[in-house]
Amino acid sequence: MSTPRPQSSWEWACRIAPPVPKKKLPSEEVLDHPLKPMTITVSETRGASKRVGTGSSTPTPSLVMDPLGAALDGSDPLSQFAKDPLTTDAWDTSDSPSTKVSSSSSDEYMEPWHTRRAVILNKFTTSEKLSMVSSFLAAGEKVVRPQSSVSSVVRTRLEQLDDYDDGSMRELGNLSQQEYITRIEQLNKELVLNWEKDSRVNALRIAIQCSALLEDTSVIRFYPSKFVLITDILDIFGKLVYDRIKAKAESKITAGRKGSTGLPDNFTPDMIPEEAKEICSNWFYKCSSIRELVRRLYVEASILKTYSFLTKAEFSDALTRLTKMVRGIGDPLVAVYARCYLCRVGMSVSTINRQFLKENFYDFLATYHQLFSGPVRSVLNTQKVDMCTYLHLYTPALEWIVQGLAHNAPESLLVEILSRCYHKGNSALLLNTVMTSFRPSYISSRALYFIELISACNTEGYPQYLLFKSLGNCLSVAETESPLQVLNEVWKVISKLEQPSQYIACAEVWAHFVVTHFSNHEINIFLGDIIQHMTPNRVYEQFYPQLLNIVDKVVTHCADFESLFSMDKFLPLIDMFHGETIKVNVCKSIMAAYMSRGSNQLSNDPIVIDALMFVCRGMHDSVSVLTVEDEKRQIGLLISQLVRQVNFGQDLEQQLSYFVEARAAFTNLDSVHTTLVQCVNKLSVNTGRIVRGHHTRKTASFVRACAAYCYITIPSIFSEYTRLQLYLLSAEVALMNQCLGQADACLKAALSLVPELPTSIEVDGKMRSSEPYLTSYISHFLSLLLIVPDSPQLGVLYLLRGLLNVLKHYTWEQNSSARIRIYLYVIDMLSTAAQETYPYAIRKVDSNDVLYGSDPKFIAEINSVCSGLVEEILTHLKFLGSSDQLQKQSALAFDLFIRIVIRGDLTSPGLATLALNLWNLANKNRLLDPKLAVRTVEYLKRRSHLQGSQQNVYNELLNKLGL
């Protein structure tokens, strides 16, 4: 005989407690019958009377409040609430410091209402036709009201508050959901508009009529969303009332006290002027005169915050009274949402005592059996709504109530609630609400006990798998004891689920529990079970989002990707994704997880590399001409990260082979090809570092192969700008590794690409001229060209002549000086090339300074090219002068003057004369910056004091400048 599992005291209390006998609702002894005739006399001033909208400016010293007296033979069951309207407290959510402290200290388990509101509106929709009744919307059929024998005074008050304005009420039917929402928004605007027009009674009537819509459950599927839309209007109405009374109080205070700034945030009722208090009282008198229970309750709850102007003494009594009022609502769905609104308002005004929350929940438990009663089932059959759908309508309201009750509550409250829910029939809804509302740590510490409760409870109308799903959500965020035992007990039930939708819903939630508590062996078994359930009849095609979430959880929590890809069930799970879009999302998820965990780690494991290449091919193959650029960018970024992370260490040939394989696999993405070219250039540089510049036959062949790889790959890239940059980069790397032929080939390819360069380039979403880019690129090109040795077969300066020829035939913008600016850069480069020793060089590469050694023929060739460039510049100077571009002419003349003075041989009479003419041209219209002129003169003076052959030349030039 097995030993029973030891149980804690709270378990015994919940499981073996004797059946609780049926109890009646709490009752209390009263002295007066609620229908006993009662007359309330209220004194109102003229101003107050006018505020509440009586429409009379005549003073009324006393007014008998008996709105239902004639209809009910003098009885007024609502007078007990009008007797003392000062018995409730305020719900100050925006101004009360205590409330602010409470909200700031609330933890993550209390879901904000605005979050739940959005979920409700998205989830509870309908395609059925809706209807509404209002006197503030155009069109619709008139609603005929039965005549009642009420006195004229009572009739006047009812017309002001209720919908007894004969002939004005209209019913709008056959509304779609969107049309219904539009009409609700119109009511909201009408309420604000009437308020701004000082028509307070009309605003109140709109609030009452909106509350009346919550009595209608003819389209029961839409009721939660209707509740959200209507209570939004009631919240606005309550805020308008509160703000008006506060403004009235502040105006009186500032008028009576000089220097006063109004009410402080933590004001007390004794600071409020009597007139503001009287207005506040009138609002509650109006609410107490509303006949229908649901409408009166909602409207009074909406303005509950205004009690802060009257008293702060009896929070709990007021909330208890409203809680008991809900007991009079017969429809359990309408009642639970009324309790939800009351609890939402109550939690905002009572931050300490939450007893009213418990009373609301326990009242719901007392009427819980009504959910399964015959009348309810009859209504559901009429509307063709199944019990499961019906019970889900309770979830938003019930979870909000229990969540507020469980907020910062001790574990003893969980024990107490479980003991009450245990004896309820069909308790699945209650059990699910408890698990989703209390702290997950409370649930996880009792995981095995909850499994027993779930297995034993009657799940009519509420499927068992939903309970296991909620339990899995709790265990995913909190630690639990005996995780293996918990998983085994749960999976005994889940694995037997016949509906694939129910199975995958549970597997999706429990995947997090499995990957965080177990090794790869158990994860592999888990994935195998999923494949087994999803493979028959290809049902997996219907549940791609759930399968994607499972894969995401597995790869996110996987610490060892080598073990992950070694699983025999992981890649078959990936193969189940056949849709192009969903497969790309799976591949992205895997790659993003791998990169986030190993962004700084290099990998050479063949299993991991092959698996990731398989994943990247899946992403790459989805790219087509219809793929948007952002999608291409994301995929290219992930693949490029993989390319950078693969590293075979000293096995350079294996590394190059991998790059060749990657180039063949990813042919459609320019960003990947760009990354490959950069990686191969880096591989070539690393090879040169390893041999320290002294290449052997093997390493020389290898770096030439790298250069050839780059030369072949670059043309496949679409962007001309990227190709230009990569050609220049590859030429530099090839030159560093003494691959002169490969460097020349790359430079020639770059020159041939310049004519194809577009005239405009996109920068930050705007089209800009490409000439600044080309100017900068040519400057970089010339700096490399200085140290590139001339080929003996092609002649002196053959690459430079090719560049000048390209620039000559390039299509420049009209009135552009970019070509002339480049000519100045060429003059700078040629003046440096004429020196005996260049300022920089590449090791083991003999540049022209070594090859020619300042040979006179080489210098003559340089002078010939410079003379041609100067002629071009002078011609352009004449063009600038003739076209009245004097500022540009002055700047260009000064730039050429500086180059001649610094780099030219001023002993030549012609060059000295040219320099003088350029200076005069630059200063012709006094357009030259005086500071530049001063610094230039100072430079010339310093050069004139230096010993040398040109000392007299500088003195003569200074004298001729006339300074």
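Keep in mind that this is a model prediction, so the values were computed, not measured.

About the criteria used
Residues numbered from 1 in each chain as written. Predicted model: local features only at pLDDT ≥ 70, side-chain atom pairs only at ≥ 80, totals over all residues. Heavy atoms only, no water. Salt bridge = Lys/Arg side-chain N within 4 Å of Asp/Glu carboxyl O. Buried < 20%, exposed > 50% of the residue type's maximum accessible area, 1.4 Å probe, protein only. pLDDT = per-residue confidence, 0-100. Contact = heavy atoms within 4.5 Å. 1 Å grid on protein atoms, 1.4 Å probe; cavity = no way out; pocket = protein on both sides within 12 Å on 5 of 7 lines; lining within 4 Å. Points joined across faces, edges and corners; volume = space filled by probe spheres on them. Helix = DSSP H or I, 4+ residues; strand = E, 2+ residues; numbered from the N terminus. Nonpolar A, V, L, I, M, F, W, Y, C, P; charged D, E, K, R; others polar. Axes fitted to C-alpha atoms, helices over the stretch in contact; angles between N-to-C directions. Parallel < 35°, antiparallel > 145°, perpendicular 65-115°, else oblique. Left-handed = near helix turned anticlockwise from the far one by under 90°.

Observations regarding the pattern of salt bridges
Following the criterion strictly, the structure yields 29 salt bridges and no others. The closest approach of N and O atoms between R200 and D198, which form a salt bridge, is 2.8 Å. Relative accessible area serves as the criterion here: at 54%, D198 is assigned to the exposed category. Taken together, the shared-partner salt bridges in this structure form one network comprising E215, R291, E292 and R295.

Focus on the confidence of the model for the chain
Should the pLDDT be low somewhere, the predicted coordinates at that spot are not to be read in detail. Of the residues in the chain, 83% have a pLDDT of 70 or more, and the chain-wide mean is 82. Scored below 50 in pLDDT, residues 1–25 makes 23 contacts in the model with residues more than four places away or belonging to other chains.

Here's the deal with empty space enclosed by the protein
The gaps of empty space that remain are located by a probe, the size of a water molecule, rolled over the atoms. According to the stated counting rule, one finds twelve cavities of 30 Å³ or more in the structure shown. The calculated volume of the largest cavity comes to roughly 90 Å³. Forming the boundary of the largest cavity are L785, L786, V788, D790, L797, Y798, L799, L800, M829, A833, Y838 and N848. Counting residues per element, the ones that place at least two in the lining of the largest cavity are α38 (798–809) and α39 (818–833). In terms of residue count, the dominant contributor to the lining of the largest cavity is α38 (three residues). Class assignment of the residues belonging to the lining of the largest cavity gives a composition of ten nonpolar, one polar and one charged.

Focus on the packing of helix α34 (residues 697–713) against helix α36 (residues 740–753)
Put simply, α34 and α36 touch, their axes get as near as 10 Å, and they point 15 degrees apart. Taken together, the axes of α34 and α36 are roughly parallel relative to one another. Judged by the sense of rotation from one axis to the other, the crossing of α34 with α36 is left-handed. Of the residues in α36, those touching α34 at R704, A707 and Y711 are Q742, A745, C746 and A749. Split by residue class, the contact of α34 with α36 holds five nonpolar, one polar and one charged.

Observations concerning the packing of helix α42 (residues 886–903) against helix α43 (residues 909–922)
Where α42 meets α43, the axes come as close as 8 Å, and the angle between the chain directions of the two elements is 150 degrees. Taken together, the axes of α42 and α43 are roughly antiparallel relative to one another. Pair α42 / α43 crosses with left-handed handedness. Here Q889, S890, A893, F894, L896, F897 and I900 of α42 lie close against α43, whose contacting residues are L911, L914, A915, L918, W919, L921 and A922.

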